[in-house]
Amino acid sequence: MEGTDPVNKKFGATLSGGAVLVLALSGCTSSKGATTSAEDKLGPWVKQVCDAVQPQATKIAAATAAIQKETSDSSPPEQVQKTDTQAFQDISDAYKSVGAAVEKAGAPQVEGGATQQKNVVAGFNGLSASYIDLKKKMGELSTKDQAKFAQDLKGFATQLSDLSTRASDVLKQLEAGDVGKAMQQQQSCKAAPPTASSAAPSASASTAG
């Protein structure tokens, strides 16, 4: 699949850059300062959310790692399609679960907490729906013509870049203000899942044009 390899690698790198953004929840740096009363009050809420996010972050990392493997191995279109459709489903399920966890936790006890919660839940649910849409589109691609399949992947890379931006915005909303400060104090927000590093783009994927 010589003609499609650079495109596939670029596609895989784009996906990895966007899908694992949820792992930022587990990448909070430890805060050594004293906690404020607001942060102490948010402790139970943050723990509930972070505990629920951890398995979903691992699921997303595993899905992106699977795609990375296919793209780096220059797999045939049929195999890439099969792997990617399943990965998109897994990522969609994970984002939906994160949204459900935030909804179940209720509004954080901060000013504008109800609005913050509503926007975050809507954001994660929107991401979930978008990955289902990508799954459907990927499943509809023809794998008969390798060159055309590679060309079609370019369109997916553009959509994934947009999703990356959207996911970043949702996480910024979730980690805004005292909620983000409280996350820095929560142990389950600091423990990155062991598969996270495997989903990072390889050097060759990052530089492939």
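Procedures and definitions
Every chain's residues receive numbers from 1 upward, in the order its sequence appears when written. Local features are withheld for residues below a pLDDT of 70 in this predicted model, meaning they are given only at 70 or higher, and side-chain atom pairs are given and counted only at 80 or more; totals for whole chains, interfaces and linings count all residues. Hydrogens are left out, water is left out, and the side-chain values use all remaining heavy atoms of the structure. Secondary structure follows DSSP: runs of H or I at least 4 residues long count as helices, runs of E at least 2 residues long count as strands, and numbering of each begins at the N terminus. The protein chains shown are the only cover counted for residues, whose accessible areas, like all others here, come from Shrake-Rupley with a 1.4 Å probe. Interaxial angle, 0 to 180 degrees, is taken between N-to-C directions of lines fitted to C-alpha atoms, where a helix line uses only the stretch in contact. In these notes the angle categories are as follows: under 35 degrees is roughly parallel, over 145 is roughly antiparallel, 65 to 115 is roughly perpendicular, and the rest is oblique. If you view the pair so one helix is near and one far, a crossing is left-handed when the near helix is turned anticlockwise from the far one by less than a right angle, and right-handed when it is turned clockwise. Two residues form a contact once any of their heavy atoms are found within 4.5 Å. Three categories are distinguished: nonpolar for Ala, Val, Leu, Ile, Met, Phe, Trp, Tyr, Cys and Pro, charged for Asp, Glu, Lys and Arg, and polar for the others, with Gly belonging to the last. Each residue is placed in one exposure class: buried if its accessible area under a 1.4 Å probe, protein chains only, is under 20% of its type's maximum, exposed if it is over 50%, and partly exposed if it falls in between. The arc in question is formed by the directions pointing from the helix axis toward the C-beta atoms. Any carboxyl oxygen of Asp or Glu that lies within 4 Å of a side-chain nitrogen of Lys or Arg is treated as forming a salt bridge with it. Paired rings are identified among Phe, Tyr and Trp, the last through its six-membered ring, by centres lying within 6.5 Å, and are further divided according to the angle between planes into stacked (under 30 degrees), edge-to-face (over 60) and tilted (the rest). Helices are assigned an expected span. That span is 1.5 Å times one less than the residue count. pLDDT is a residue-level measure of predictor confidence that goes from 0 to 100.

### A word on the overall build of the protein
Argument step 1. In terms of regular secondary structure, the protein is built from eight helices and zero strands.
Argument step 2. Starting at the N terminus and ending at the C terminus, the protein contains elements arranged as α-α-α-α-α-α-α-α.
Argument step 3. With an accessible surface of roughly 9,700 Å², the protein has 51% of that area assigned to carbon and sulfur atoms.

### Focus on the packing of helix H4 (residues 113–140) against helix H5 (residues 146–174)
Argument step 1. For the pair H4 and H5, the least separation of the axes is 9 Å and the interaxial angle reads 165°. The orientation of H4 relative to H5 falls into the category roughly antiparallel. Both H4 and H5 take part in a crossing whose hand is left-handed. When H4 is examined against H5, the residues Gln116, Asn119, Val120, Gly123, Phe124, Gly126, Leu127, Ser130, Tyr131, Leu134, Lys137 and Met138 are found in contact with a partner set consisting of Leu153, Phe156, Gln159, Leu160, Leu163, Arg166, Ala167, Val170, Leu171, Gln173 and Leu174.
Argument step 2. Residue classes in the contact of H4 with H5 are distributed as 14 nonpolar, seven polar and two charged.

### Quick word on the environment of Asn125
Argument step 1. Within the secondary structure, Asn125 sits in helix H4.
Argument step 2. Taking the relative accessible area as the measure of exposure, Asn125 reaches 34% and is therefore partly exposed.
Argument step 3. A C-alpha to C-alpha distance of 9.9 Å links Asn125 and Ala94, two positions 31 residues apart in sequence.
Argument step 4. Setting aside residues no more than four positions away along its own chain, Asn125 makes contact with Lys96 and Gly99.

### Some words on the environment of Gly113
Argument step 1. Counting through the fold element by element, Gly113 comes out in helix H4.
Argument step 2. Take Gly113: its relative accessible area is 3%, and that puts it in the buried class.
Argument step 3. Sequence separation between Gly113 and Leu174 is 61 residues; the distance between their C-alpha atoms is 10.0 Å.
Argument step 4. If we ignore the near neighbours within four places in the chain, the residues touching Gly113 are Ala107 and Pro108.

### Focus: helix H6 (residues 177–185)
Argument step 1. When we look at burial in H6, the residues that qualify are Val179, Gly180, Ala182 and Met183. Taken around the axis of H6, the buried residues stretch over an arc of 160°, which confines them to a single face.

### A few points about the pattern of salt bridges
Argument step 1. Counting across every chain of the model gives four salt bridges.
Argument step 2. A salt bridge links Lys47 to Asp51; its shortest N-O distance comes to 2.6 Å. Here Lys47 and its partner Asp51 are both found in helix H2 (residues 37–72), four residues apart, which amounts to about one turn of the helix.
Argument step 3. Linking Asp152 and Lys148 is a salt bridge whose minimum nitrogen-to-oxygen distance equals 3.3 Å.

### Side note on the packing of aromatic side chains
Argument step 1. Here the structure, examined in full by the defined rule, presents four aromatic pairs.
Argument step 2. Ring geometry for Phe88 versus Phe156: centroids 6.5 Å apart, planes at 5°, classification stacked. With Phe88 in helix H3 (residues 77–105) and Phe156 in helix H5, the pair connects residues that are 68 residues apart, well separated along the chain.
Argument step 3. Classification of Phe88 by relative accessible area gives buried; the value is 0%.
Argument step 4. Centre to centre, the rings of Tyr95 and Tyr131 are 5.9 Å apart; their planes meet at 25°, and the pair counts as stacked. Of this pair, Tyr95 sits in helix H3 while Tyr131 sits in helix H4, placing them 36 residues apart in sequence.
Argument step 5. Residue Tyr95 is classed as buried on the basis of its relative accessible area, which comes to 1%.

### Observations concerning H3
Structurally, the α-helix is built with 3.6 residues per turn, so residues lying three or four positions apart point the same way.
Argument step 1. For H3, built from 29 residues, the straight-helix expectation of 42 Å at 1.5 Å per residue is met to within 8% by its first-to-last C-alpha distance of 42 Å.
Argument step 2. Positive backbone phi, approximately 85°, marks Gly106, located one or two places after H3.

### What about the confidence of the model for the protein?
Argument step 1. Residue-level pLDDT values for the protein average 75, and 68% of them are 70 or greater.
Argument step 2. In the model of the protein, helix H8 (residues 203–207) stands out as the element of lowest mean pLDDT, 29, in contrast to H4, which has the highest, 94.
Argument step 3. Considering only residues more than four positions removed or in separate chains, one finds that residues 26–34, a stretch of pLDDT under 50, has 18 contacts.
Argument step 4. Below pLDDT 50 for its whole length, residues 192–209 participates in 34 contacts with residues either more than four positions away or in separate chains.

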